[in-house]
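Structural overview
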Amino acid sequence: MHIRHRLAAVAAAFIACSAAARAQRPDALLAEIDKRATAIAAKVTDWRHDIHQNPELSFQEVRTAKLVAAHLKSLGLQVRTGVGGNGVVGILKGDKPGPVVGLRADMDALPVVELADVAYKSAVKTKYNGVETGVMHACGHDMHTAMLMGAAEVLAGLKSQISGTVVFLFQPAEEGPPVGGAGPMIKDGALDDPKVDAVFGLHVGTGQLGMVSSRPGGTTAAADGFRIIVHGKQTHGAFPAGGVDPIVVGSQIVLAFQTIISRQVNLSTAPAVITVGAFQGGLRENIIPDSVWMIGTVRTYDEQMRVSIHERMKRTAEDIAHSAGATAQVEITRGYDVTQNDSLLMNRMTPVLQRVAGQGKFMVSQPSSAGEDFSRFAARVPQGGLFVSLGVTPENMDWKTAASNHSPLFVGDDKALPIGVRIMSNMAVEFLRQGRVQ
């Protein structure tokens, strides 16, 4: 074993032991964080409801960014706006020297008509891909933003006791792959002045209320997008032999993609998913259209499998189209990479997460096929990143059958908000006082 790795292992063991002791006997600073998070719970809830009722799609988060920036300025933080688009960066310098930690939240919503029965329901409408639809925080980013605003208030009030600097990263366009918002924020220097050593992120989702989970290594999948246009030959619906039906060809392509996953790649090595999310073509019941198009997503954990699936998708679509006398134009765009949780950070923060979650409310999670722009932040900082999940299903619902993220029926319980504030605040303070690992 390399000497650096042996030293890191020893350091990890020592840190884990000392942190475990703190987890059993929370010190005054951690107790104060908990107290302050509870005290501002109503304020955080109000922010969450306001953001939820005024959702903004990726690259359009103007109102949300203004709300965030105004709050950070009111706390006396150094604030940068327009970072990587609509991103907001707040810098809190503690009164004592130390390392730099980043805390990230995403701000954008989805083109979804909200069907959930909540008092703060979104009524916002928009056009997306030429279709009239609603806008909804169906992925919980309203909760993420409100939680990090709360963490900023808690930590700003403890400035005199903080050793180091906290950089608050409010990111736009997480739901806008392949560009996303993290990459543009990084290019605009969000991690550079001051240079962030480690970064933490949190995501809410369907699960037992208050259940906290994370894992070392790969935690969310690489997420790539694809667009396929099938060109046929338009004809009367009563005389299909007079043309080439792109709807039938496209349907065969959709079904064949599933055999790539079930028959052509070894899923015992890593999971993978191909999903067609939209399929459109034609305007009238008795006209076979000239073309159809489909868009979708590919999720993988292994880079070789990622490349192989892309190649197989292209070959499959083109060959099926060719066999019917049609053509298929295939475009596959690489998006977010796998989110890698740093193992040492995981070891350091596990006692913190156990204490915040409470008895029996922390678990090591399985890899998720969701994709995350947080991966770009985690890959760019020297000490790596840690991404944590928080269950937010209301207690009066069965979390095992409750609607998941991205559903029009997704609901997140406000009771989870102070837990999220405590998670982010505690991880930041714990990293700052333990310091960098050399």
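Computed from a predicted model, the values in this text were never measured in an experiment.

The rules behind each value
Residues numbered from 1 in each chain as written. Predicted model: local features only at pLDDT ≥ 70, side-chain atom pairs only at ≥ 80, totals over all residues. Heavy atoms only, no water. Helix = DSSP H or I, 4+ residues; strand = E, 2+ residues; numbered from the N terminus. Rg over C-alpha atoms; globule rule 2.2 N^0.38 Å. Buried < 20%, exposed > 50% of the residue type's maximum accessible area, 1.4 Å probe, protein only. Contact = heavy atoms within 4.5 Å. Areas by Shrake-Rupley, 256 points an atom, 1.4 Å probe, with all protein chains shown as cover. Core = buried A, V, L, I, M, F, W, Y, C linked by side-chain atoms within 4.5 Å. Pairing = 2+ DSSP bridges. Phe/Tyr/Trp six-rings, centres within 6.5 Å; stacked < 30°, edge-to-face > 60°. Expected span 1.5 Å × (residues − 1). Axes fitted to C-alpha atoms, helices over the stretch in contact; angles between N-to-C directions. Left-handed = near helix turned anticlockwise from the far one by under 90°. Nonpolar A, V, L, I, M, F, W, Y, C, P; charged D, E, K, R; others polar. Arc of directions from axis to C-beta. Parallel < 35°, antiparallel > 145°, perpendicular 65-115°, else oblique. Salt bridge = Lys/Arg side-chain N within 4 Å of Asp/Glu carboxyl O.

1. Regarding the overall build of the chain
Tallying secondary structure elements over the chain gives eleven helices and 18 strands in all. Relative to the globule expectation of 22 Å for 438 residues, the C-alpha radius of gyration of the chain, 24 Å, shows essentially globular dimensions. Seen through its C-alpha atoms, the chain measures out along the principal axes to roughly 80 × 55 × 40 Å. Looking at the chain residue by residue over its 438 residues, the buried ones come to 54%. Nonlocal contacts in the chain, meaning residues at least 24 apart in sequence, comprise 83% of its contacts between residues at least 6 apart. As displayed, the chain offers around 19,000 Å² of accessible surface, 53% of which is attributable to carbon and sulfur atoms.

2. Here's the deal with the nonpolar core
Of all hydrophobic cores here, the largest spans 69 residues; its most connected members are Phe 168, Phe 170 and Met 427. Aside from chain neighbours lying at most four places away, what touches Met 427 is Phe 200, Met 349, Val 352, Leu 353, Leu 386 and Val 388.

3. A look at the pairing of strand β2 (residues 87-93)
Of all seven residues that make up β2, six are buried, and the element is covered over most of its length. Pairing between strand β1 (residues 78-83) and β2: four bridges, direction antiparallel. Its bridge partner lying in β2, Gln 78 is registered against Ile 91. Two successive antiparallel strands, β1 and β2, enclose a turn made up of three residues, where Gly 84 displays a positive phi of approximately 65°.

4. What about the environment of Phe 59?
Its place among the elements puts Phe 59 in the loop between α3 (41-53) and α4 (62-74). Through-space distance from the C-alpha of Phe 59 to that of Ala 403 is 26 Å; in sequence the pair is 344 residues apart. Excluding anything up to four places from it in sequence, Phe 59 contacts Asn 86, Ala 173, Gly 176, Val 179 and Gly 180.

5. Side note on the packing of aromatic side chains
Taken as a whole and judged by the stated rule, the model has three aromatic pairs. Arranged with centres 5.9 Å apart and planes meeting at 90°, the rings of Phe 226 and Phe 257 form a pair that is edge-to-face. Remark: Phe 257 occurs in helix α7 (residues 246-264) and Phe 226 occurs in strand β9 (residues 217-231); sequence separation between them is 31 residues. Of the residues examined, Phe 226 reaches a relative accessible area of 4% and is grouped as buried. Ring geometry for Phe 374 against Phe 387: centres 4.9 Å apart, planes inclined by 25°, an arrangement best described as stacked. Here Phe 374 is found in helix α10 (residues 374-380), whereas its partner Phe 387 is found in strand β18 (residues 385-391), with 13 residues between them in sequence.

6. What to know about the pairing of strand β5 (residues 131-134)
Note that strand β4 (residues 125-128) and β5 share four bridges and pair antiparallel. Paired with Tyr 128 across the bridge in β5 is Val 131. Following β4, the chain reverses through two residues before pairing antiparallel with β5; Asn 129 in that reversal takes a positive phi of roughly 55°.

7. Focus on helix α8 (residues 303-323)
Since one α-helical turn is 3.6 residues long, residues separated by three or four positions face the same way. The end-to-end C-alpha distance of α8, which contains 21 residues, comes to 30 Å, matching closely the 30 Å that a straight helix rising 1.5 Å per residue would cover. Buried within α8 we find Met 305, Arg 306, Ser 308, Ile 309, His 310, Met 313, Thr 316, Ala 317, Ile 320 and Ala 321. Looking at the buried positions of α8, the neighbouring elements they touch are β9, α7, β11 (272-280), β13 (291-300) and β14 (327-336). Taken from the residues just after α8, Gly 325 is the one with a positive phi, measuring 85°.

8. Describing unusual backbone geometry
The residue after Pro 177, namely Pro 178, is reached through a cis peptide bond having omega 5°. Among the secondary structure elements, Pro 178 is positioned in the loop between β6 (163-171) and α6 (182-187). A cis geometry characterises the amide bond from Asp 193 onward to Pro 194, with omega recorded as 5°. Residue placement: Pro 194 occurs in the loop between α6 and β7 (198-205). Even without a glycine there, the phi angle at Phe 59 is positive, about 70°. Judged by its relative accessible area of 49%, Phe 59 is partly exposed.

9. Brief notes about the packing of α3 against helix α5 (residues 141-156)
Two elements in contact, α3 and α5, have axes separated by 8 Å at closest approach and are oriented at 145°. Relative to α5, the crossing made by α3 is right-handed. Side by side, α3 and α5 meet where Lys 43, Val 44, Trp 47, Arg 48, Ile 51 and His 52 of the first sit next to Asp 142, Met 143, Thr 145, Ala 146, Met 147, Met 149, Gly 150 and Glu 153 of the second. Of the residues assigned to the contact of α3 with α5, the class counts are seven nonpolar, three polar and four charged.

10. Quick look at α3
Along its 13 residues, α3 runs 18 Å from first to last C-alpha, staying within 8% of the 18 Å computed at 1.5 Å per residue. Looking at α3, one finds that the buried residues are Val 44, Thr 45, Trp 47, Arg 48, Ile 51 and His 52. Along α3, the residues classed as buried sweep out an arc of 160° about the axis, all on the same side. Seen from the open side of α3, the exposed residues pointing more than 90 degrees away from its buried face are Ala 42 and Asp 46. Where α3 is buried, its residues meet α4, α5 and α11 (417-434).

11. Examining the packing of α4 against α5
Contact pair α4 / α5: the axes reach a minimum separation of 10 Å and the direction vectors enclose 10°. Comparing the axis directions of α4 and α5 gives the class roughly parallel. Residues Thr 64, Leu 67, Val 68, His 71 and Leu 72 of α4 form the contact with α5, whose participating residues are Thr 145, Met 149, Ala 152 and Glu 153. When grouped by side-chain class, the residues that make up the contact of α4 with α5 number five nonpolar, three polar and one charged.

12. Quick notes on the pattern of salt bridges
The full count for this structure, using the stated rule, is 20 salt bridges. With its nearest N and O atoms 2.8 Å apart, the salt bridge here joins Asp 27 to Arg 433. A residue pair is termed long-range when its members are at least 10 positions apart, and Asp 27 in the loop between α1 (3-24) and α2 (28-39) and Arg 433 in helix α11 qualify at 406 residues. Classification of Arg 433 by relative accessible area gives partly exposed; the value is 33%.

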